[in-house]
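Here are the chains, one letter per residue:
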Amino acid sequence: AQSVSQHNHHVILSEAASLELGCNYSYGGTVNLFWYVQYPGQHLQLLLKYFSGDPLVKGIKGFEAEFIKSKFSFNLRKPSVQWSDTAEYFCAVKDDYKLSFGAGTTVTVRA
Amino acid sequence: EPEVTQTPSHQVTQMGQEVILRCVPISNHLYFYWYRQILGQKVEFLVSFYNNEISEKSEIFDDQFSVERPDGSNFTLKIRSTKLEDSAMYFCASSELKRGMNTEAFFGQGTRLTVV
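Reading guide: rules and limits
Residues numbered from 1 in each chain as written. Chains lettered and ligands numbered in written order. Predicted model: local features only at pLDDT ≥ 70, side-chain atom pairs only at ≥ 80, totals over all residues. Heavy atoms only, no water. Contact = heavy atoms within 4.5 Å. Buried area = accessible area lost by both parts, 1.4 Å probe. Salt bridge = Lys/Arg side-chain N within 4 Å of Asp/Glu carboxyl O. Polar contact = N/O pair within 3.5 Å; in protein donor to acceptor, adjacent residues only side chain to side chain. Helix = DSSP H or I, 4+ residues; strand = E, 2+ residues; numbered from the N terminus. Nonpolar A, V, L, I, M, F, W, Y, C, P; charged D, E, K, R; others polar. Disulfide = S-S within 2.5 Å. Buried < 20%, exposed > 50% of the residue type's maximum accessible area, 1.4 Å probe, protein only. 1 Å grid on protein atoms, 1.4 Å probe; cavity = no way out; pocket = protein on both sides within 12 Å on 5 of 7 lines; lining within 4 Å. Points joined across faces, edges and corners; volume = space filled by probe spheres on them.

Colleague: So what's going on with the interface of chain B and chain A? Which residues, and what values?
Modeller: Taken together, the contact between chain B and chain A spans 20 residues of the former and 21 residues of the latter. Both faces considered, chain B and chain A share a buried interface measuring about 2000 Å² in area, 54% of it formed by carbon and sulfur atoms. The tally of links from chain B across to chain A stands at 1 salt bridge. Across the salt bridge formed by Lys49 of chain A and Glu104 of chain B, the nearest N and O atoms sit 2.4 Å from each other. Linking chain B to chain A there are 4 residue pairs in polar contact (both at pLDDT 80 or more). Listing elements by their share of the side of chain B that touches chain A, those giving two or more residues are β4 (31-37) and β5 (43-50) of chain B. When grouped by side-chain class, the residues that make up the side of chain B that touches chain A number 9 nonpolar, 7 polar and 4 charged.

Pasting the structure below:
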């Protein structure tokens, strides 16, 4: 069985600061990797995904993530956050059968 | 753009009552999921469903839970006798392929279930 770990429970930063959220997973086989965002009161939305190829993936709203296979990691980054990036961020890993989520990281961006 | 729709958006029920949460997956999708998110906690997998049968279920998905695709478009989650701890946001999702790699799941808006 796979597990997904997100290192930070709550991150608080100011606008224009850089953001990096850590994600590690335990599954040793082939996986697909995702980052989802959940804005207050809204449903899960896909930020970006990695299936294969270039391990540096660019998503919506200026987010990117890097898959490092040797470290079983898929960290999310954004060079300069905005107040509107305040949300819950979930890393997710999919094997052949199901999608498993990390515990989530709450990101609060102060104006 | 096609989307997964869930109804109702919010349901309040008394402990011990049965509830049915409804989902309409994206029309050409074949693989369906239910997840739940208890307030302040992570999103948890409940069950996946393909070809009119459960593909996989978690330990959360006990005998009180059941899923059904009654009419080829709806996908329902039934909780037979609700408990206070069933209070959560329930998300339905669907994906295009039976299973396997290189697919993404599309999520509905969720149903907030409150058991009182």
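Read on for the rest.
Colleague: Got a sec to walk through the pattern of salt bridges? Specific residues and values, please.
Modeller: All names here are of chain A. Within this structure, the stated rule accounts for 6 salt bridges over all chains. Arg77 is paired through a salt bridge with Glu64; the nearest N and O atoms lie 3.5 Å apart. One end of the pair, Arg77, is in strand β9 (residues 73-78); the other, Glu64, is in strand β8 (residues 64-68), and 13 residues separate them in sequence. When salt bridges that share partners are traced, they join Lys58, Glu64, Glu66 and Arg77 into one network.

Colleague: So, the state of the cysteines: which residues are in play, and what are the values?
Modeller: Applying the stated criterion to the full structure yields 2 disulfides over all chains. The partner cysteine of Cys23 of chain A in its disulfide is Cys91 of chain A, sulfur to sulfur 1.9 Å. A torsion of -65° about the S-S bond marks the disulfide between Cys23 of chain A and Cys91 of chain A as left-handed. Linking Cys23 of chain A in strand β4 (residues 23-25) with Cys91 of chain A in strand β10 (residues 87-94), this pair joins segments that are 68 residues apart in sequence. Note on accessibility: Cys23 of chain A and Cys91 of chain A belong to one class, buried. With a sulfur-sulfur separation of 1.9 Å, Cys23 of chain B is cross-linked through a disulfide to Cys92 of chain B. Taking the sign of the S-S torsion, -65° for the link of Cys23 of chain B and Cys92 of chain B, the bridge is left-handed. In this pair, Cys23 of chain B sits in strand β3 (residues 19-24) while Cys92 of chain B sits in strand β9 (residues 88-95), placing the two residues 69 residues apart along the sequence.

Colleague: Tell me about the side chain of Glu104 of chain B, residues and numbers included.
Modeller: Tracing the backbone through its elements, the reader meets Glu104 of chain B in the loop between β9 and β10 (106-107). Here Lys49 of chain A takes part through its side chain, which lies 2.4 Å from a polar atom of the side chain of Glu104 of chain B. Aside from chain neighbours lying at most four places away, what touches Glu104 of chain B is Phe34, Leu46, Lys49 and Phe51 of chain A together with Ser94 and Ser95 of chain B.

Colleague: I'd like a description of the layout of surface pockets, backed by residues and values.
Modeller: For the largest pocket, the calculated volume is near 480 Å³. Lining the largest pocket are 23 residues, with Gln38 and Glu88 of chain A together with Gln37, Leu39 and Arg112 of chain B positioned closest to its centre. Put simply, the parts of the chain that give the lining of the largest pocket at least two residues each are β10 and β12 (105-110) of chain A. A per-class count over the lining of the largest pocket returns 9 nonpolar, 11 polar and 3 charged.

Colleague: Before we move on, can you summarise the environment of Gln17 of chain B with the specific residues and values?
Modeller: All names here are of chain B. Positionally, Gln17 belongs in the loop between β2 (10-13) and β3. Owing to a relative accessible area of 43%, Gln17 belongs among the partly exposed residues under this scheme. For the pair formed by Gln17 and Ile54, sequence separation is 37 residues and the distance between their alpha carbons is 24 Å. Dropping the residues within four chain positions of it, Gln17 is found in contact with Ile79, Arg80, Ser81 and Thr82.

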